[in-house]
Amino acid sequence: MKKYQLDLIVVDNVMVGNSATLLTLTHSEPLPEMIAGQFAELQVDKAKVLLRRPISIHNVDKTTNTVEFLIQIVGEGTKELANLKKGDSLNVLLPLGNGFGYAGTTQSPLLIGGGVGVAPLLHLGKELKSRGITPTFLFGGRSKEHLLRLESFEAVGKVYVTTEDASLGEKGFVTNHSLLIDGDNYDKIFACGPTPMLKAVAAWAKEHEIACEVSLEHKMACGIGACLCCVENTEEGNVCVCKEGPVFSIDKLLWNN
Amino acid sequence: MEQLKTNIGNLQLKNPVMTASGTFGYGTEYADFFDIAKLGGILVKGTTLHRREGNPYPRMAETPSGMLNAVGLQNKGVDYFVENIYPTIKDIDTNIIVNVSGSCIDDYVQTAEIINHLDKIPAIELNISCPNVKQGGMAFGVTTQGASEVVKAVRRVYDKTLIVKLSPNVTDITEIAKAVEAQGADSVSLINTLLGMAIDSERRKPVLSTITGGLSGPAVKPIALRMVWQTYKAVKIPIVGIGGIMTAADAIEFLLAGATAIEVGTANFIDPAVCSKIVDGIADYLNRHNIPSVKDLIGALEV
């Protein structure tokens, strides 16, 4: 897929909970096609931080020609992105990496997200729904304020949640949820979130012989496979998460479970 | 554009802007963002005799106005390059230059010999300055004896333009530059990354898997400029200036300090089309100052 460097315009930028922002961008021309699971590299004020910030594509709306990014505010770079105002211009590289393999691979998908890892699953859920496939979402967070934009997901499919402190849904991790007691209900799992969660999900999927794709988050510089900084060790050796991923089939990963 | 043309010995460049090895892949990664044939040259990813997996993740740390990397020369080896990559890049209308690295002199020699047979590769950049591999790499670049030996051995088998990339992690870079000039290097490129370190205080752990890594980006530019200036006064062979170049103005500073050409590295990660802008910016500068040729800028610093 051709990659673009575009100056996008901020349409909206609103806080979600107390530590994330929902950034909506548009362009003077139609935005390029973006596959669920792909990401973008967002330019930050160079005086603040040097490198771009890789952020997954949260939602695409063709009728309004907008793309949304759900961004956890964790450091200087994401803080700057949260400070962008309506009308500001933002230089963006997109679409980058490989998305989820959802076309024709599943009839009953389970989409598992942890914390801000829910971000790419909205675009994915909507893509599945547009193909007549109703996704089920299973989200986990430390507590209810870490579960982001549940109402947007509920408009797309059934949403189940777990929290570590039992403030919402079932207590525990996503892999403890009662939904997984009968794992045969699902034919494919798509997951994004912290690595320990992804490893637990991958182990569960293997045990139940369910196909599983995970989206990894590694520190990146270029985002296009040039600098070789964001590698993950796979059966093919070290590969760039930005170029060969960020979505990987768990069969390719050397997670030993 | 005649006024932008320059040359490194026999190597003709359409302009002085090249890309630093390890920051531009094999060029094709950037082809969506601008016409890469616009470049004076592309220094492709560091190539070794045998396949190297590189260092474990994490390999990168962002630092004030810079970044540390510890990639460790991950590449599939020179044979893979010749069979699978060379055919896909050989017809790009610019100088494709292979950065050659090794762990011992024989590795450098064998790799250079293989590259010497490739018609469309007019030059190599001998990397005697990689700080991220345990053996070799920088070990050759930090003593005049080590640098002399490897350049002498490669010069015997390599008959095209030989550029030697120098390490800044030395007491006096001009001594190394003079040593490689004496062994027949056609040019020196400088600087490679500066050895640095980043610590995560919360976890009390190093950020990089290798603990130390190579610093690049705008943070290193003043050091690089100083070293180019010192080297310009010490050797007669052309210099390729590298270190934190983000803009055309930065590139021109290196030319004024004595560089004949420049390489852009870390800036490619921030703006994948930056090299195109630097080429245009240098042309604008020449026009604005009524300077007929970019060669007139080399070492033209008024002191």
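Residues numbered from 1 in each chain as written. Chains lettered and ligands numbered in written order. Predicted model: local features only at pLDDT ≥ 70, side-chain atom pairs only at ≥ 80, totals over all residues. Heavy atoms only, no water.

1. Points about the packing of aromatic side chains
Residues and elements named next belong to chain A. Test applied: Centres within 6.5 Å make a pair out of two Phe, Tyr or Trp rings, where for Trp the six-membered ring is used; the pair is then stacked when the planes are under 30 degrees apart, edge-to-face when over 60, and tilted otherwise. We count a stretch as a helix when DSSP gives it H or I for four or more residues in a row; a strand needs E for two or more, and each element gets its number in order from the N terminus. Partly exposed residues are those whose accessible area sits between 20% and 50% of the maximum for their type, while under 20% is buried and over 50% is exposed, using a 1.4 Å probe and protein chains only. Lysine NZ or arginine CZ positioned within 6 Å of the ring centre and within 35 degrees of the ring normal marks a charge as sitting over the ring.
Enumeration according to the criterion identifies 8 aromatic pairs over all chains in this entry. Judged by centre distance (5.5 Å) and plane angle (85°), the ring pair of Phe100 and Phe190 falls under edge-to-face. Placement of the pair is Phe100 in the loop between strand E7 (89-96) and strand E8 (109-114) and Phe190 in strand E12 (residues 188-192), with a sequence separation of 90 residues. On the accessibility criterion, Phe100 (4% relative accessible area) is buried. Ring geometry for Phe137 versus Phe153: centroids 5.1 Å apart, planes at 70°, classification edge-to-face. One end of the pair, Phe137, is in strand E9 (residues 136-141); the other, Phe153, is in helix H3 (residues 150-154), and 16 residues separate them in sequence. Here Phe137 matches Phe153 in class, with each residue buried. Among the aromatic side chains, those forming a connected cluster through ring pairs are Phe137, Phe139 and Phe153. One Lys or Arg, Lys2, reaches over the ring of Tyr4 and ends 5.2 Å from the middle of that ring. Here the basic side chain of Lys158 rests over the ring of Tyr160, its NZ or CZ set 5.5 Å away from the ring centre.

2. A closer look at the layout of surface pockets
Test applied: Here a cavity means grid points, on a 1 Å grid over the protein atoms only, where a 1.4 Å probe fits yet cannot get out; a pocket means an open set of points with protein on both sides within 12 Å along at least five of seven lines; lining residues are those with an atom within 4 Å of a point. Grid points are joined across faces, edges and corners, and a volume is the space filled by probe spheres set on the points.
The computed volume of the second largest pocket comes to approximately 620 Å³. Taken together, 26 residues line the second largest pocket, and the ones lying closest to its centre are Leu228, Lys243 and Glu244 of chain A together with Tyr26 and Lys76 of chain B. Among the elements of the structure, strand E15 (237-240) and helix H5 (241-244) of chain A together with helix H1 (78-89) of chain B are those that each provide at least two residues to the lining of the second largest pocket. By residue number, the principal contributor to the lining of the second largest pocket is H1 of chain B, which donates 4 residues.

3. Comments concerning empty space enclosed by the protein
All names here are of chain B. Here is the rule: Under this grouping Gly is polar, as are all residues other than the nonpolar Ala, Val, Leu, Ile, Met, Phe, Trp, Tyr, Cys and Pro and the charged Asp, Glu, Lys and Arg.
Throughout the structure, instances matching the rule amount to 1 cavity of 30 Å³ or more. For the largest cavity, the calculated volume is near 510 Å³. At the level of secondary structure, the elements contributing two or more residues to the lining of the largest cavity comprise strand E4 (41-47), strand E6 (66-69), strand E14 (212-216), strand E16 (261-264) and helix H8 (267-270). Partitioned by chemical class, the residues of the lining of the largest cavity number 17 nonpolar, 17 polar and 3 charged.

4. Observations regarding the confidence of the model for chain B
What counts, and what does not: On a range of 0 to 100, pLDDT expresses the predictor's confidence in each residue.
Predicted confidence across chain B gives a mean pLDDT of 96, with 98% of residues reaching 70 or more. Reported confidences for the modelled complex are a pTM of 0.96 and an ipTM of 0.94.

5. As for the interface of chain A and chain B
Put simply, the rule is: Residue contacts follow a heavy-atom distance rule, with two residues in contact if any of their heavy atoms lie within 4.5 Å. Summed over both partners, buried area is the accessible surface (1.4 Å probe) that two parts give up on being assembled. Counted as salt bridges are all cases of a side-chain nitrogen of Lys or Arg within 4 Å of a carboxyl oxygen of Asp or Glu. By the criterion applied in these results, polar contacts are pairs of N or O atoms within 3.5 Å in which, for protein atoms, one can donate a hydrogen and the other can accept it, and in which residues neighboring in sequence qualify only through two side-chain atoms.
The interface of chain A with chain B comprises 30 residues on the first partner and 32 residues on the second. Summing both sides of the interface, chain A and chain B together bury roughly 2500 Å²; the carbon and sulfur share of this comes to 59%. The tally of links between chain A and chain B comes to 1 salt bridge. Measuring nitrogen to oxygen at the nearest pair gives 2.7 Å for the salt bridge that ties Arg53 of chain A to Glu62 of chain B. Where chain A meets chain B, there are 12 residue pairs in polar contact (both at pLDDT 80 or more). Elements that contribute at least two residues to the side of chain A that touches chain B include exactly strand E1 (4-16) and E15 of chain A. Its residues assigned to classes, the side of chain A that touches chain B shows 16 nonpolar, 6 polar and 8 charged.

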